[in-house]
Amino acid sequence: MRLRSHGFSRPVPLLNGEGNRVIKCVFLGLEPGEGGPPKPHAHAHDRVVVVLHGTLVLEIGGHPLEVKGREAAFILAGTPHSIWNRGEEGAEALILDLKKGFSEGSSGSQAKKKRDIHEKKERILELVFSFCDRYLDSEYRELCGRLVEKMSRKKEVPFLSGKPEVWAAGVIHALGSINLLFTPWFEPHVAAYEIAAFFGISHSSMNTRSRQIREMFGENRLEREFSTSTMATMSRLASNILNPTTPPEVIPHILSLMESRRRGWQDALAKAGWQREYSNVYQFLVYLVDSEPLIWRRIQVPGDYSFWDLHVAVQDAMGWLDCHLHMFSMPRPGGNGVAHIGIPDEDELSLDPNEEPYTELAGWEEKIADWFTPDNALASYEYDFGDGWIHGIELEGILPRDPDVFYPRCLDGSGACPPEDCGGIPGYYRMLRILADPSHPKRQGYIEWLGSDFDPLDFRPEEVEFDDPALRFFIAFST
């Protein structure tokens, strides 16, 4: 700082109890009319100006602030500022430079933490609101905003670490889980994979963050504070029926209301194509080839499924985002060569004139019951022809349908789904080795991508959510 001749500016060491300097200080004296610099400048770190005597005027970010004796002003890093004495005799101040040695819990570090919380919160809200405005409604927008705000007030703010996109998806998924957002006969409705795809993250990362939020507040508390009006009405009707003080003559009316709503759901369910006529279910073991330890799922699907429907079930059970091409390969019934089933490309022909033209059958036209039998039980499923994720598909049994069970369902499994576009099996295990090495220069980049709590062994079959394959087909081919 440049001063006129009568003022003074000298460094003053601030010591701790052991005599060590912990904060850089400057003791400043200004006569009337003195100050500086003439053009406000900024520092790369926070500062505190404590006026000891007289009154000083601080120009902070273009705004004048009058600070009297025994008052202080905090100046954020990067904010242009200057200090002036506009007429007081012998004005003195102490300037504390918070760049070095400012201990945790002090005003400087607290201010930085608050700033970090505010910036992260605003980014998460921006992401959440963009999704709600596009796919949901104003009620979900308000609920999501309240939940993010509630997390920001916790003593240990959880979203300070991890990607904002993962937190935004986790917030929407957590609220959707308690409000039947993923149920197609509810309004609004979105599929879980659409949330993950919107934010460009893996299904498993979203599920992990959603589970963390639900465990943070508890399912019951979330339901009390963050239910939509529709869910609150249904809960109230159900509790009235179970309440012994409810007058008996009122219960038939409540049951009538719930039955009419149930019929409405069933009508919508039938229109969506979820009520299917089939007598058998097919149980498959699905595993990622060359994964070690093995990443696998055991699923049951309706017996009238097509290969497109099975593709959607495999995607959802594994945790993929379904943003790349896929193809099944399996022996033709009767042993007449190998067939390829997926999304046919009419322009794709064999380059070898001695070979038959390459053909790929349309998955939505081929029924699994026409191909999978106890004697023809194996197939391969490739997802993302760039990364080349090869899955083994093994028919374990054809079972009678349980009328009390909703299919498809995931019975068991192990291992988290690898992130999309990480380079296939070689790239995935290279990434895991880097994550396990704290000294690796690329480790932080992967943590920011996946989140600090990514667990390659984490999988919970009860958290798998299956989408309507007809809806997925419409989304894939309607544009």
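Use the structure listed above.
Note that residues are indexed from 1 along each chain, following the sequence as it is written. Only residues with pLDDT of at least 70 get local features here, since the model is predicted, and only at 80 or more are side-chain atom pairs given and counted; chain-wide, interface and lining totals rely on the full set of residues. Hydrogens are left out, water is left out, and the side-chain values use all remaining heavy atoms of the structure.

Visitor: Got a sec to walk through the overall build of the protein chain? Specific residues and values, please.
Guide: A run of DSSP states H or I qualifies as a helix once it reaches four residues; a run of E qualifies as a strand once it reaches two. Both are numbered from the N-terminal end. Broken down by element type, the protein chain carries twelve helices and 17 strands. Only protein chains enter the accessibility calculation, which uses a 1.4 Å probe; a residue is then buried when its area is under 20% of its type maximum, exposed when over 50%, and partly exposed in between. Per-residue burial for the protein chain yields a buried fraction of 46% across its 479 residues. Per-residue and other accessible areas were derived by the Shrake-Rupley procedure at a 1.4 Å probe size, with only the shown protein chains allowed to occlude residues. As presented, the protein chain carries roughly 24800 Å² of accessible surface, and 52% of it is formed by carbon and sulfur atoms.

Visitor: Describe the pattern of salt bridges, naming the residues involved and giving the relevant values.
Guide: The salt bridge definition used is simple: a Lys or Arg side-chain nitrogen within 4 Å of an Asp or Glu carboxyl oxygen. With the rule as written, the count across this model stands at 14 salt bridges. Residues R460 and E215 are paired through a salt bridge, measuring 4.0 Å at the closest nitrogen-oxygen approach. Note that R460 is positioned in the loop between α11 (443-450) and α12 (469-477) and E215 in helix α5 (residues 203-217), a separation of 245 residues in sequence. Accessibility expressed as a relative area gives 32% for R460, which makes it partly exposed. Between D316 and R472 there is a salt bridge whose closest N-O contact spans 2.7 Å. With D316 in helix α9 (residues 307-318) and R472 in helix α12, this residue pair connects regions lying 156 residues apart in the sequence.

Visitor: Outline helix α10 (residues 424-435), supporting the account with residue identities and numerical values.
Guide: Across its twelve residues, α10 extends 16 Å between first and last C-alpha, which sits within 8% of the 16 Å expected from 1.5 Å per residue. Among the twelve residues in α10, nine count as buried, and that is most of the element. Looking at the buried residues of α10, the elements they touch are β10 (280-288), β16 (389-400) and α11. Every helix has an expected span of 1.5 Å times one less than the residues it contains. Contacts are assigned to residue pairs with any non-hydrogen atoms lying within 4.5 Å of each other.

Visitor: Account for the nonpolar core, with residues named and values stated.
Guide: Counting 47 residues, the largest nonpolar core has F284, I299, V301, L310, I368, F372 and Y428 as its most contacted members. Here the element with the most residues in this core is α10; it accounts for seven residues. For I368, the residues in contact, after removing those within four places along its chain, are Y282, F284, V301, P302, G303, Y305, S306, F307 and L310. To define a nonpolar core, start from buried Ala, Val, Leu, Ile, Met, Phe, Trp, Tyr and Cys residues and group those joined through side-chain atoms within 4.5 Å. Counting residues in each nonpolar core, the second largest holds 39 residues, with L127, L147, I178 and F226 among its members.

Visitor: Let's hear about the pairing of strand β8 (residues 81-84): which residues, and what values?
Guide: Burial of β8 is two-sided: the residues H81 and I83 facing one way and the residues S82 and W84 facing the other way are all buried. Strand direction decides the pairing type here: strand β5 (residues 55-60) and β8, joined by four bridges, are antiparallel. Following the sheet pairing, V57 is matched in β8 by W84. One bridge is not enough; two strands pair if DSSP finds at least two bridges between them.

Visitor: Tell me what's going on with the sheet that holds strand β11 (residues 296-302), and back it up with residues and numbers.
Guide: Spatial ordering of the open sheet is given by β14-β13-β12-β15-β16-β10-β11-β17, a layout of eight strands whose pairing is mixed. Of all strands in the sheet, those with a lone pairing partner are β14 (361-362) and β17 (409-414), marking the two edges. The pairing of strand β12 (residues 326-331) with strand β13 (residues 338-342) spans five bridges and is classified as antiparallel. Bridge assignment links P331 to a residue of β13, and that residue is V338. Each axis is a line fitted through C-alpha atoms, taken for helices only over the stretch in contact, and angles between the N-to-C directions span 0 to 180 degrees. Each of β10, β11, β12, β13, β15 (378-383) and β16 is contacted by α9, which is oriented at about 140° to β11, the strand it contacts most.

Visitor: Which residues make up the packing of aromatic side chains, and what values do they have?
Guide: Within 6.5 Å between ring centres, the rings of Phe, Tyr and Trp (the latter by its six-membered ring) count as paired, and their orientation is classed by plane angle as stacked under 30 degrees, edge-to-face over 60, tilted in between. Across all of its chains, the model carries 17 aromatic pairs by this definition. An angle of 25° between the planes, with centres 5.8 Å apart, marks the rings of F307 and F372 as stacked. One end of the pair, F307, is in helix α9; the other, F372, is in the loop between β14 and β15, with 65 residues separating them in the sequence. Across the pair, exposure class does not vary: F307 and F372 are buried alike. In this structure an aromatic cluster arises from ring pairing among Y282, F284, F307, F328, W371, F372 and Y381. When the NZ atom of lysine or the CZ atom of arginine is within 6 Å of a ring's centre and also within 35 degrees of its normal, the charge is said to sit over that ring. The aromatic ring of W167 is capped on one face by R209, whose charged end is 4.3 Å from the ring centroid. The positively charged end of R472 is found above the aromatic ring belonging to Y193, 3.7 Å away from the centroid.

Visitor: Tell me about helix α3 (residues 164-178), residues and numbers included.
Guide: The first and last C-alpha atoms of α3 sit 22 Å apart over 15 residues, in line with the 21 Å expected at 1.5 Å per residue. Most of α3 is tucked away, with 13 of its 15 residues classed as buried.

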